[in-house]
Amino acid sequence: MIRRTLGASLLATLLVATPVFAEETHVGRPIEAGSLHEGRLDMVVYYVPVKGDLLEVTATFAPKGGGDPQRVVMGLADRDSVAFSMPGNRGSLYTFSRSGEKVTVSTETGMRQRVDALPD
């Protein structure tokens, strides 16, 4: 009885503590596009090199049910990483990371992060 209760408690803890990983895409060359389709938004992402060592990353988010697309443009230096949710879609966290000439974009659904709980 104790073993079964302990096992169920451990399993429940693991399920609660583990984010639901939905999708990931990689872009390895300028103008090469990647896309994500999990959740309520479809997203297409690409980058172009700009002055200095920055890659200008452009991500366009389109609601699956119709509506106006939203565009985010950001400069990423090597080893930069940023994560955010789109307005009206707080349940999905989008993460953009750069390593050399490769940009990785992932989305996690079911996340509920508080701004004050984010790591430094």
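Please refer to the structure placed before this passage.
This is a predicted model, so every value here is computed, not measured.

## A few points about the overall build of the protein chain
Okay, so step 1: Check the secondary structure of the protein chain and you find one helix and eight strands.
Okay, so step 2: Put simply, 30% of the contacts in the protein chain that link residues at least 6 apart link residues at least 24 apart.
Okay, so step 3: Surface exposure of the protein chain reaches about 8200 Å², of which carbon and sulfur atoms provide 56%.

## What to know about the side chain of Thr 104
Okay, so step 1: Following the sequence through the fold, Thr 104 ends up in strand E8 (residues 102–109).
Okay, so step 2: Only 3.0 Å separates the side chain of Thr 104 from the side chain of His 26, close enough to count as a polar contact.
Okay, so step 3: Sequence-distant contacts of Thr 104, that is, excluding residues within four places in its chain, are made with Glu 24, Thr 25, His 26, Thr 95, Phe 96 and Ser 97.

## Focus on the pattern of salt bridges
Okay, so step 1: Tallying each qualifying case throughout the model produces four salt bridges.
Okay, so step 2: Residue Glu 32 is joined to Arg 29 by a salt bridge in which the shortest nitrogen-to-oxygen separation is 3.2 Å.
Okay, so step 3: Owing to a relative accessible area of 25%, Glu 32 belongs among the partly exposed residues under this scheme.
Okay, so step 4: In this structure, Lys 64 and Asp 42 form a salt bridge, with 3.8 Å as the shortest nitrogen-oxygen distance. On the criterion of sequence distance, the pair formed by Lys 64 in the loop between strand E4 (55–63) and strand E5 (70–76) and Asp 42 in strand E3 (residues 41–49) is long-range, its members being 22 residues apart.
Okay, so step 5: Relative accessible area serves as the criterion here: at 27%, Asp 42 is assigned to the partly exposed category.
Okay, so step 6: Beyond isolated ion pairs, a larger network of salt bridges with shared partners links Asp 53, Arg 98 and Glu 101.

## Some details on the packing of aromatic side chains
Okay, so step 1: Counted under the stated rule, the structure contains two aromatic pairs.
Okay, so step 2: Relative to Tyr 94, the ring of Phe 61 lies with its centre 4.9 Å away and its plane at 75°, an arrangement referred to as edge-to-face. With a gap of 33 residues between them, Phe 61 in strand E4 and Tyr 94 in strand E7 (residues 89–99) connect regions that are remote in the sequence.
Okay, so step 3: Consider the rings of Phe 84 and Phe 96, whose centres lie 5.4 Å apart with planes at 10°: the pair is stacked. Residue Phe 84 is located in strand E6 (residues 81–86), and its partner Phe 96 is located in strand E7; the two are separated by twelve residues in the primary sequence.
Okay, so step 4: Since its relative accessible area comes to 0%, Phe 96 is described here as buried.

## Some words on the environment of Thr 95
Okay, so step 1: Turning to its location among the elements, Thr 95 is positioned in strand E7.
Okay, so step 2: Each C-alpha atom of the pair Thr 95 and Ser 85 lies 8.9 Å from the other, and the pair is ten residues apart in sequence.

Definitions and limits used
Residues numbered from 1 in each chain as written. Predicted model: local features only at pLDDT ≥ 70, side-chain atom pairs only at ≥ 80, totals over all residues. Heavy atoms only, no water. Helix = DSSP H or I, 4+ residues; strand = E, 2+ residues; numbered from the N terminus. Contact = heavy atoms within 4.5 Å. Areas by Shrake-Rupley, 256 points an atom, 1.4 Å probe, with all protein chains shown as cover. Polar contact = N/O pair within 3.5 Å; in protein donor to acceptor, adjacent residues only side chain to side chain. Salt bridge = Lys/Arg side-chain N within 4 Å of Asp/Glu carboxyl O. Buried < 20%, exposed > 50% of the residue type's maximum accessible area, 1.4 Å probe, protein only. Phe/Tyr/Trp six-rings, centres within 6.5 Å; stacked < 30°, edge-to-face > 60°.

The values reported here are purely geometric and, on their own, carry no functional implication.
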